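# Geometric and topological summary
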Amino acid sequence: MGTARALLWSVVKHHRVDTASAVAWLVLLAAATGAYGLLAGPLVRALFGGRGTEWLRGWGLEAGDGPLWVPAAVVVVASVKAVATHFQAVTQARLGQRIVGRARDLAHRALLRQNPLTLPATGAGDLALRVLDDAERLEALVTTGLLGALRDGLQVVVLCGLCLALDPGMTALFFGAYPAAIVPLAILGRRVRRAAGTASEERGALANEIHQQLHRFPLLVAMGAEGWAARRVRTASEAVSVALLRGVRLRATVSPLMELLGAVALAFTVVYAHRRIEAGSLAPEAVSSFLAATLLLYQPVKNLTRLSETLAPGRVAAERLAALGTDGGAADQAPAAGEGKARPVRVTLTARELVVHHPGGDRPALRLPEAHFEPGRVTAVVGPNGAGKSTLCAVILGWLPPSAGALEVTGIDGSSTWHGERQRSIGWIPTAPMLARGTLRENVALGRRPIDAEAWRTLARLAGLEALVERLPLGWETPLQDGGEGLSSGEQRRVALARALYGEPPVLLFDEPEASLDDVAVTALASRLEELKAGRTVIVMTHDERLVRAADAVIHLTIPAPPQVTP
């Protein structure tokens, strides 16, 4: 929870001017509410023929004569309260939207700093909820929750202080019943928080299920599995409903409990005040102001008892956002894509007694006693499925640390993981091109430093995109749909190659480039490797003999043997 508090403090501190402004309006609003209660007694006195000022003089206040003075004062107080309410609401809404934007930005930047290997295990649907839904819940925690609690708390303090000043005896009698509710309210609050956490987890599971079904939608339709898919979503949705209803039942207990206690306290207070008035030891105006203050207390106290409805989901959201590593500072200082040191000319990678396990795995995913990947050479890595080609990719990219041995890197900072110099020095061509909505140019550049027209022409030639760029109606500015719809598999692969070549990285890493390519495209790629290796270290994970023949060196991987178990 400490990290969640740090995130919350970071977000609020970032908007401290708006926060201070909202607090100032809340203070003025509480003062105006207290003034309402103070004027209730004189107002009733003036209504029944008195001047309504005698009792105020007993407080050391001088006021004008005549019955119109008190109503005029009420109008002034109402005007102040209206202005404070308006500007407090506007300021709070502005602060809320800025908090949402800040929280979403921190959460998204934190996602971009995650390890690509472990991120999918979290679930894309749940991660999307953290950026969207949890950011809004964090905003509600600050505005409706914390600022709302401050607003109601200030009014409670002012009105309770007024009651105490009017008559300590009535105050003790009226508020004496409420301490009995502290223990059950605390228990209910803990249960509400647990229910809110369960509801958030179930919502994430539902979002994951829907996301996965959309991802494999063609398979579901082809296999006639629509009914199976509908049942899974229905089950997940029912789990969300059960968790939400559990929280509603718990919260619904709080308000009736407080109302019952308030009614009992008010009844005893009225009997006590009646006897004091008859005895002449208490002014009727004081009782009127006291009762007005207690009535004004009803709404803020009720809001405070229902505060868990906002605080519990908000705290859970803050914890879920903090779990992503949203520290509030590093995100603002992260380097822009493509920035940093100039590209080194030569990079060499050397594997020595390399052994790699996947997280939680009990057997090696890769064993590589020795291998050299040198500049100016194409090195093909071959082996059956399960031999560790994709695992070696992950190690080279810095996503997966060796369990034993080492992968030595010269020319760049090989100790860095998936960010920094190592990230910017490796051009990775994955099996799936992963094209997004945007122009062809945007899909290649990905927000990195712009290059000139001549560099774009060179890029198109090296990637084999010249014919495609000439054919498209807007060239590089042609918009693409999600997934590169409208481009062939080979064209999508060439776009991915252009993306990898952008920025002239010293290392090119191909992960089974022959997948989804026809014979002509694979042959063209094999012939292009000769030009691509100039000044670069080129590594190709492949099953295709044509790419193997185009390589200068070949490394053979075998499926690692399971660990020896001694009796």
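Residues numbered from 1 in each chain as written. Predicted model: local features only at pLDDT ≥ 70, side-chain atom pairs only at ≥ 80, totals over all residues. Heavy atoms only, no water.

## Some remarks on the pattern of salt bridges
Two side chains of opposite charge can pair, provided their charged atoms sit close to one another. This structure, assessed with the given rule, holds 20 salt bridges. Of the charged contacts in the structure, one is a salt bridge between glutamate 209 and arginine 232, with a shortest N-O distance of 3.0 Å. Taken together, the residues span a long stretch of sequence, with glutamate 209 in helix 8 (residues 182-215) and arginine 232 in helix 10 (residues 226-279) at a distance of 23 residues. With a relative accessible area of 8%, glutamate 209 lands in the buried category. (Salt bridge = Lys/Arg side-chain N within 4 Å of Asp/Glu carboxyl O. Helix = DSSP H or I, 4+ residues; strand = E, 2+ residues; numbered from the N terminus. Buried < 20%, exposed > 50% of the residue type's maximum accessible area, 1.4 Å probe, protein only.)

## Looking at the sheet that holds strand 8 (residues 507-511)
Working definition: the strands of a sheet are paired by backbone hydrogen bonds and lie parallel or antiparallel to each other. Here we have five strands laid out as an open sheet, ordered 5-8-9-3-10, and parallel in their pairing. In this open sheet, the two strands that pair with only one neighbour each are strand 5 (426-429) and strand 10 (553-556). Going from strand to strand, the sheet's axes swing by 15 degrees on average, the running direction of each strand aside. Strand direction decides the pairing type here: strand 3 (residues 377-382) and strand 9 (residues 537-541), joined by five bridges, are parallel. The residue bridging alanine 380 from the neighbouring strand is valine 540, located in strand 9. (Pairing = 2+ DSSP bridges. Axes fitted to C-alpha atoms, helices over the stretch in contact; angles between N-to-C directions.)

## Section: empty space enclosed by the protein
Any empty space left between the atoms is revealed when a probe the size of a water molecule rolls over them. Here the structure, examined in full by the defined rule, presents two cavities of 30 Å³ or more. Of the volumes computed, that of the largest cavity is approximately 40 Å³. Taken together, Val347, Leu349, Ile396, Val409, Ile412, Arg422, Ile426 and Val507 form the lining of the largest cavity. (1 Å grid on protein atoms, 1.4 Å probe; cavity = no way out; pocket = protein on both sides within 12 Å on 5 of 7 lines; lining within 4 Å. Points joined across faces, edges and corners; volume = space filled by probe spheres on them.)

## So, helix 17 (residues 453-463)
Among the residues of helix 17, Trp456, Leu459, Ala460, Leu462 and Ala463 are the ones counted as buried. Summarising the axial view, the buried residues of helix 17 lie within an arc of 165 degrees, below the 170-degree limit, and thus occupy one face. Of the surrounding secondary structure, the elements contacted by the buried residues of helix 17 are helix 16 (440-445), helix 18 (466-471), helix 19 (489-501) and helix 20 (519-532). Directly beyond the C-terminal end of helix 17, a positive phi value near 75 degrees is found at glycine 464. (Arc of directions from axis to C-beta. Contact = heavy atoms within 4.5 Å.)

## Focus on the environment of glutamate 353
Examined against the element boundaries, glutamate 353 turns out to sit in strand 1 (residues 348-356). Along the primary structure glutamate 353 and glutamate 370 are separated by 17 residues, whereas in three dimensions their C-alpha atoms are 6.0 Å apart.

## Looking at the nonpolar core
Residues Leu465 and Phe510 are the most contacted members of the largest nonpolar core, which totals 41 residues. Those residues in contact with phenylalanine 510, other than ones at most four positions away along the chain, are Ile429, Leu497, Leu525, Leu529, Leu532, Val538, Ile539, Val540 and Met541. Val347, Ala387, Leu397 and Val507 belong to the second largest nonpolar core, which has 29 residues in total. (Core = buried A, V, L, I, M, F, W, Y, C linked by side-chain atoms within 4.5 Å.)

## Concerning the sheet that holds strand 2 (residues 366-373)
Read across the open sheet, the three strands follow the order 2-1-4; overall the sheet is antiparallel. Two strands bound the open sheet, and with one partner strand each, they are strand 2 and strand 4 (404-410). Looking at each pair of strands side by side, their axes are set apart by 10 degrees on average, direction ignored. One ladder, built from six bridges, connects strand 1 with strand 4; its direction is antiparallel. Directly across from threonine 348, in strand 4, lies its bridge partner threonine 410.

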